[in-house]
Amino acid sequence: MKSIVILGDGMSDRPQVQLGGRTPLQATPTPHMDVVARRGRLGTFATIPQGMPLGSAVANLSVFGYDPRRTFQGRGVLEAASLGVELNPGDVAMRVNLLALNEGGTIRNHHAGHISSEESAPLIETLQAKLGGVENHPERPVTFHMGISYRHVLVFRGGWASAAFSSAPPHDHVGESVADLMWTANSSEPEAVAAQERLRELFAQSRALLAEHPVNVARRARGVDEAMVIWPWSPGGKPSMNTLDELFGISGAVISAVDLVRGLGRLAGCEVIQVEGATGLWDTNYEGKVAAALDALQEKDFVYLHLEATDEASHAQDLDLKMKCIEYLDGRVVGPVLAGLRERGIEAVVSILPDHPTFVSDLGKHGDDPVPVCIWDPRCPADEQTTYDEVACAAGGLGNLAGNEFIRMALGR
Ligand SMILES: [Zn+2]
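Computed from a prediction, not measured in an experiment: that's the story for all the values here.

Thoughts on the overall build of the protein
Right, on to step 1. Looking only at helices and strands, one finds 16 helices and 17 strands in the protein.
Right, on to step 2. Against the compact-globule benchmark of 22 Å for 413 residues, the protein has a radius of gyration of 22 Å, which places it among compact chains.
Right, on to step 3. Structurally, the protein occupies a C-alpha span of about 65 × 45 × 40 Å along its principal axes.
Right, on to step 4. By residue count, 57% of the 413 residues in the protein fall in the buried class.
Right, on to step 5. Restricting to contacts in the protein with at least 6 residues of sequence separation, those with at least 24 account for 72%.
Right, on to step 6. Surface exposure of the protein reaches about 16,600 Å², of which carbon and sulfur atoms provide 49%.
Right, on to step 7. Looking at charge distribution, the protein has the averaged site of its 35 positive side-chain charges lying 2 Å from that of its 52 negative ones.

The structure is reproduced here in structure tokens:
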């Protein structure tokens, strides 16, 4: 039996006044998801352990069956994995943003005016050439790795402890002074102090190097925000994770526009499939993603099909758009997947869930409410529920799933 998991990022929510007390999932017609609900079994799943960061990294680890308390090491590690950057024991990977600053040294934005990858590539090249590698710092070398737009990766090579210092996520501190947000050692241990000093030094050096870089000179002339400094954050070391092959003896593929999810897929030993036109937004290439998922499922045992649009619409606090994204997920993903499985004669367990709720009317924030889960394993009798939404799932036959129960059932184990 094969397996496909369809994940609508941030899809679940709370009752909305404008919807007469219904949630977006309840209020949006979802005939295809309801087919899966009628044939399958429903339940709930608390994907974010208490006190852990409310986000896709932790939540998707849970969905894959990994215990986030043991495996979550920050974003840097997942994004490094997504870029194919190898980490050795003792290396610490950090996500590094390019920031635009205001004149007084406050953060203007955390994305350098959404700088393009074409423009950020030469900046990262310069940073690596002038600051990276043992040639520039034999004792405490770092390496810079090109990602996408303003999102890149910095790796401290060897001998660092990721828990030794604290760092601030820049998107949470727009408008604040960088001087107040500097990396800070968590103890007076020499290692911790050295990490703090090295990060502050890299910050200052990057500022000097980038100020007159031709890319920034050109951006200044165009009147758009410059990539003025680097901002490394969310440090972590390589987590010890068994692959799905090691755990279950299966092969898998991940399809997602989001680097965190792609990185997680790689760490789980899955093939990461790129789909042309996958944007992570409502206008993504749904048809292309579905076709890629069905093709992959002919080869592999397991496909993880991740759609980001519902989360972005929730962050934008746009209820109509969120419902539109749910409608698209239903009509342009779930429906065609079911039809494709039938046409191709593929027997598969079909599962639908979000990774976490995102509250469209609570400032577009992530939450840790248990998520609604639907699993249709053709070999198992259905429960009594007939629609897929938060309320039906809370009353579903699977009850509250925990640990790796979801992935086991989704894999038909
Ligand atoms: Zn998410």
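A look at the packing of helix H5 (residues 75-83) against helix H11 (residues 259-267)
Right, on to step 1. Between H5 and H11, the least distance of the axes is 7 Å, while the angle of their chain directions is 75°. With respect to H11, the element H5 is oriented roughly perpendicular. Along the contact surface, H5 presents Arg75, Val77, Leu78, Glu79, Ala81 and Ser82, while H11 presents Asp259, Leu260, Arg262, Gly263, Leu264, Arg266 and Leu267.
Right, on to step 2. In terms of residue class, the contact of H5 with H11 is made up of 6 nonpolar, 2 polar and 5 charged.

Digging into the sheet that holds strand E2 (residues 41-45)
Right, on to step 1. Judged by pairing direction, the sheet is mixed, and its 8 strands sit side by side in the order E11-E10-E12-E1-E13-E16-E2-E17 without closing on themselves. Strand pairing shows two members of the sheet lacking a second neighbour, strand E11 (271-273) and strand E17 (399-401), which therefore form its edges. Direction aside, neighbouring strands of the sheet carry axes that sit 25° apart on average.
Right, on to step 2. Across 3 bridges, the pairing between E2 and E17 is parallel. Within E17, the position partnered with Thr44 by the bridge is Asn400.
Right, on to step 3. Strands E2, strand E13 (348-353) and strand E16 (371-376) of the sheet are contacted by helix H2 (residues 31-39), whose axis makes an angle of about 70° with E16.
Right, on to step 4. Here helix H14 (residues 319-344) sits on the sheet and contacts strand E1 (2-8), strand E12 (302-307), E13 and E16; the angle it forms with E1, its principal contact strand, is near 175°.

Some points on the pairing of E12
Right, on to step 1. For E12, a buried count of 6 out of 6 residues is recorded, marking the element as mostly surrounded by other parts of the structure.
Right, on to step 2. Both faces of E12 are covered, namely the face carrying Phe302, Tyr304 and His306 and the face carrying Val303, Leu305 and Leu307.
Right, on to step 3. Where E1 lies against E12, 6 bridges are found, and the strand directions are parallel. Each bridged residue has a counterpart across the sheet, and for Ile6 the counterpart in E12 is Leu305.
Right, on to step 4. Pairing analysis gives 4 bridges linking strand E10 (residues 252-255) to E12, with the strands arranged parallel. Bridge pairing in E12 links Ala253 to Val303.

As for H14
Right, on to step 1. With 26 residues, H14 ought to run about 38 Å at 1.5 Å a step, and its terminal C-alpha atoms sit 36 Å apart, in line with that.
Right, on to step 2. The sharpest bend along H14 reaches about 25° and sits at Asp330.
Right, on to step 3. Just downstream of H14 lies Gly345, where phi reads positive at about 65°.

Here's the deal with the domain arrangement of the protein
Quite often, the size of an interface is put as the accessible area lost when its parts meet.
Right, on to step 1. Domain boundaries assigned for the protein yield domain 1 (2-72 + 240-410) and domain 2 (81-236).
Right, on to step 2. In this structure, domain 1 and domain 2 have C-alpha centres spaced 33 Å apart.
Right, on to step 3. Each partner contributes to the interface: domain 1 provides 5 residues, whereas domain 2 provides 5 residues.
Right, on to step 4. The contact between domain 1 and domain 2 buries some 430 Å² in all, and 51% of this surface belongs to carbon and sulfur atoms.
Right, on to step 5. The three residues of domain 1 that bury the most area against domain 2 are Asp259, Arg262 and Arg266, which together make up 76% of that side's buried surface.
Right, on to step 6. Counting across the interface, domain 1 meets domain 2 through 1 salt bridge.
Right, on to step 7. Close ionic contact of Asp259 with Arg151 constitutes a salt bridge, the shortest N to O distance being 3.5 Å.
Right, on to step 8. In this assembly, domain 1 and domain 2 are joined by 1 residue pair in polar contact (both at pLDDT 80 or more).

Considering the state of the cysteines
Right, on to step 1. All told, the structure shown has 0 disulfides when counted by the stated rule.
Right, on to step 2. There is no disulfide at Cys325, and the cysteine sulfur nearest it, in Cys393, is 19 Å away.

Focus: the pattern of salt bridges
Right, on to step 1. Applying the stated criterion across every chain, the model contains 18 salt bridges.
Right, on to step 2. We note a salt bridge from Arg344 to Asp295, for which the minimum N-O separation is 2.8 Å. Here Asp295 lies in helix H12 (residues 286-299) and Arg344 lies in helix H14, a separation of 49 residues in the sequence.
Right, on to step 3. Overall, the relative accessible area of 32% leaves Arg344 in the partly exposed class.
Right, on to step 4. By relative accessible area, Asp295 is classed as partly exposed at 42%.

What to know about the coordination of the zinc ion
Right, on to step 1. The protein atoms donating to the zinc ion are Asp9 (OD), Asp9 (OD), Ser56 (OG), Asp355 (OD) and His356 (NE2), with metal-donor distances spanning 1.8 to 2.6 Å.
Right, on to step 2. Each donor residue of the zinc ion lies on the same chain, and together they follow the pattern D-x46-S-x298-D-H. Separated by 47 residues along the polypeptide, Asp9 in the loop between E1 and helix H1 (24-27) and Ser56 in helix H3 (residues 56-63) bring together distant segments of the chain. With respect to burial, Asp9 and Ser56 carry one shared label: buried.

Cut-offs applied
Residue numbering note: each chain is counted from 1, following its sequence as written. Side-chain atom pairs in this predicted model are given and counted only at pLDDT of 80 or more, local residue features only at pLDDT of at least 70, and totals for whole chains, interfaces and linings cover all residues. Only hydrogens and water are set aside; all other atoms, that is, all heavy atoms of the structure, feed into the side-chain values. Helix numbering and strand numbering both begin at the N terminus, where a helix is a DSSP run of H or I of at least 4 residues and a strand a DSSP run of E of at least 2. Both definitions apply: the radius of gyration is a C-alpha atom measure, and the globule rule equals 2.2 Å times residues to the power 0.38. Throughout, exposure labels follow a simple rule: accessible area from a 1.4 Å probe, protein chains only, divided by the maximum for the residue type, with under 20% read as buried, over 50% as exposed, and the rest as partly exposed. The criterion used for residue contact is that any of the two residues' heavy atoms lie within 4.5 Å. All accessible-area figures derive from a Shrake-Rupley calculation using a 1.4 Å probe, and residue coverage is judged against the displayed protein chains alone. Charge assignment: positive for Lys and Arg, negative for Asp and Glu; neither His nor the chain ends contribute. Charged side chains are reduced to one point each, which is NZ for Lys, CZ for Arg, CG for Asp and CD for Glu. Interaxial angle, 0 to 180 degrees, is taken between N-to-C directions of lines fitted to C-alpha atoms, where a helix line uses only the stretch in contact. Note on angle classes: values under 35 degrees are labelled roughly parallel, values over 145 roughly antiparallel, values of 65 to 115 roughly perpendicular, and the remainder oblique. Note on residue classes: Ala, Val, Leu, Ile, Met, Phe, Trp, Tyr, Cys and Pro are nonpolar, Asp, Glu, Lys and Arg are charged, and everything else, Gly too, is polar. Only strands joined by at least two bridges in the DSSP assignment are considered to pair. Each residue after the first adds 1.5 Å to the expected span of a helix. We define the bend at any residue as the angle between the axes fitted to the seven residues before and including it, ending there, and the seven starting there. Domain ranges listed in this record stem from an automatic or a database domain assignment. Put simply, buried area is how much 1.4 Å-probe accessible surface two parts lose in total, over both of them, once they are put together. A carboxyl oxygen of Asp or Glu within 4 Å of a side-chain nitrogen of Lys or Arg is what we treat as a salt bridge. Under the rule applied, a polar contact is a pair of N or O atoms within 3.5 Å (in protein, one hydrogen donor and one hydrogen acceptor; residues adjacent in sequence only if both atoms are side-chain atoms). A pair of cysteine sulfur atoms is labelled a disulfide when the two atoms are within 2.5 Å. Keep in mind that water is not among the atoms, so a site may look incomplete; donors are the N, O and S atoms within 2.8 Å of the metal, or 3.2 Å for Na, K and Ca.

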